[in-house]
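# Structural overview for review
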Amino acid sequence: MLPVIALVGRPNVGKSTLFNYLTRSREALVADYPGLTRDRQYGRVQRGERDCLVVDTGGITDDQEGIDVFAKKQVEIALQEADVVFFMVDARDGINASDEAIADMLRKLGKPIVLVVNKVDGIDSNTVTHDFFSLALGEPVPIAASHGRNVHELLDRIDDLI
Ligand code: GDP
Ligand code: MG
């Protein structure tokens, strides 16, 4: 069984974009409309001897339940299957309440977490990334999923974790 990476985070942080980059596919639907990815998507990340599976945990946002319940469901799905969790946040938005709610759950999970700060293209990534230390999930890894920037360094991180 290949190691499984789960991509979690609130809608619109770039989970499907990273999934597509990692799997070089268009399977995961990328859109400006938050929560459009309807189901989990699985893909294989080809890394020579160390292939992984990646799971995009997008789902349907139920307005009645609210964003935190939605986020919680994603984390629960990830809980069952993941060997490593990539928790994605948006560098441009900064930390919001949903990120904090997800971070609280992830800290209790007992699985390796990598905090991924996406969308650092065109901004001062050092300053922005530093802000995310307060989520208490270790050193944030800045990436730009849409450009593939720093994604290899991100994958290198998991070799120490699994
Ligand atoms: P998801 O809801 O977390 O799956 O997010 P998506 O992958 O659908 O992306 C949401 C939006 O963010 C889309 O408009 C993407 O093009 C955009 N996006 C994703 N990654 C990046 C990035 O690295 N930089 C920028 N500037 N935009 C990005
Ligand atoms: Mg998505």
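All residue numbers refer to position in the chain's written sequence, counted from 1. Chains carry letters and ligands carry numbers; both start at the beginning, A for chains and 1 for ligands, and go up in the order they are written. Restriction of local features to residues with pLDDT of at least 70 applies here, the model being predicted, together with a cutoff of 80 or more for giving and counting side-chain atom pairs; totals for whole chains, interfaces and linings are based on all residues.

The chain carries the name GTPase Der in an unreviewed UniProt entry, which gives Methylomonas lenta as its organism.

### Observations regarding the overall build of the chain
Where we set the bar: The numbering of helices and of strands both runs from the N terminus, where a helix is a DSSP run of H or I of at least 4 residues and a strand a run of E of at least 2. Residues with at least 20 other C-beta atoms within 10 Å of their own are called buried, those with 12 or fewer are called exposed, and the rest are partly exposed. The C-beta atoms themselves are positioned from the backbone.
Scanning the chain from N- to C-terminus turns up five helices and six strands. Counting from the amino terminus, helix and strand elements in the chain follow one another as β-α-β-β-α-β-α-β-α-β-α. For the chain, buried positions account for 36% of its 162 residues.

### Points about the environment of alanine 101
Among the structural elements, alanine 101 can be located in helix 3 (residues 97-109). Between the alpha carbons of alanine 101 and serine 146 there is a distance of 26 Å; along the sequence they are 45 residues apart.

### Describing helix 1 (residues 15-23)
Stated formally: Once C-beta atoms are placed from the backbone, any two residues with those atoms within 7 Å are in contact.
In terms of residue burial, helix 1 counts as a mostly covered element, since eight of its nine residues are buried. Buried within helix 1 we find Lys15, Ser16, Thr17, Leu18, Phe19, Asn20, Tyr21 and Leu22. For helix 1, the secondary structure elements touched by its buried residues are strand 1 (4-8), strand 2 (41-45), strand 3 (52-56), strand 4 (84-90), strand 5 (113-118) and helix 5 (151-158). Looking at the residues trailing helix 1, positive phi occurs at arginine 24, about 50°.

### Considering the sheet that holds strand 3
Going by this rule: A strand pair is defined by DSSP finding two or more bridges across the two strands. Between the N-to-C directions of two axes lies an angle of 0 to 180 degrees, each axis being a line fitted to C-alpha atoms and, for a helix, fitted only over the stretch in contact.
Taken in spatial order, the six strands make up an open sheet running 2-3-1-4-5-6, and their pairing is mixed. Edge positions in the sheet fall to strand 2 and strand 6 (141-142), since each has one partner strand and no second. Relative to strand 3, strand 1 runs parallel, the two being bridged by four bridges. Paired with alanine 6 across the strands is valine 55, a residue of strand 3. In the packing of helix 1 onto the sheet, the strands contacted are strand 1, strand 2, strand 3, strand 4 and strand 5, and the crossing angle to strand 2 comes to about 40°. Along the sheet face, helix 3 touches strand 1, strand 4 and strand 5 and points at about 165° away from the line of strand 4.

### Digging into the nonpolar core
Stated precisely, the cut-off is as follows: The term nonpolar core means buried Ala, Val, Leu, Ile, Met, Phe, Trp, Tyr and Cys residues held together as one set by C-beta atoms within 7 Å.
Residues Leu7, Phe86, Phe87, Leu115 and Val116 are the most contacted members of the largest nonpolar core, which totals 33 residues. Listed by contribution, the elements that provide at least two residues to this core are strand 1, helix 1, strand 3, strand 4, helix 3 and strand 5.

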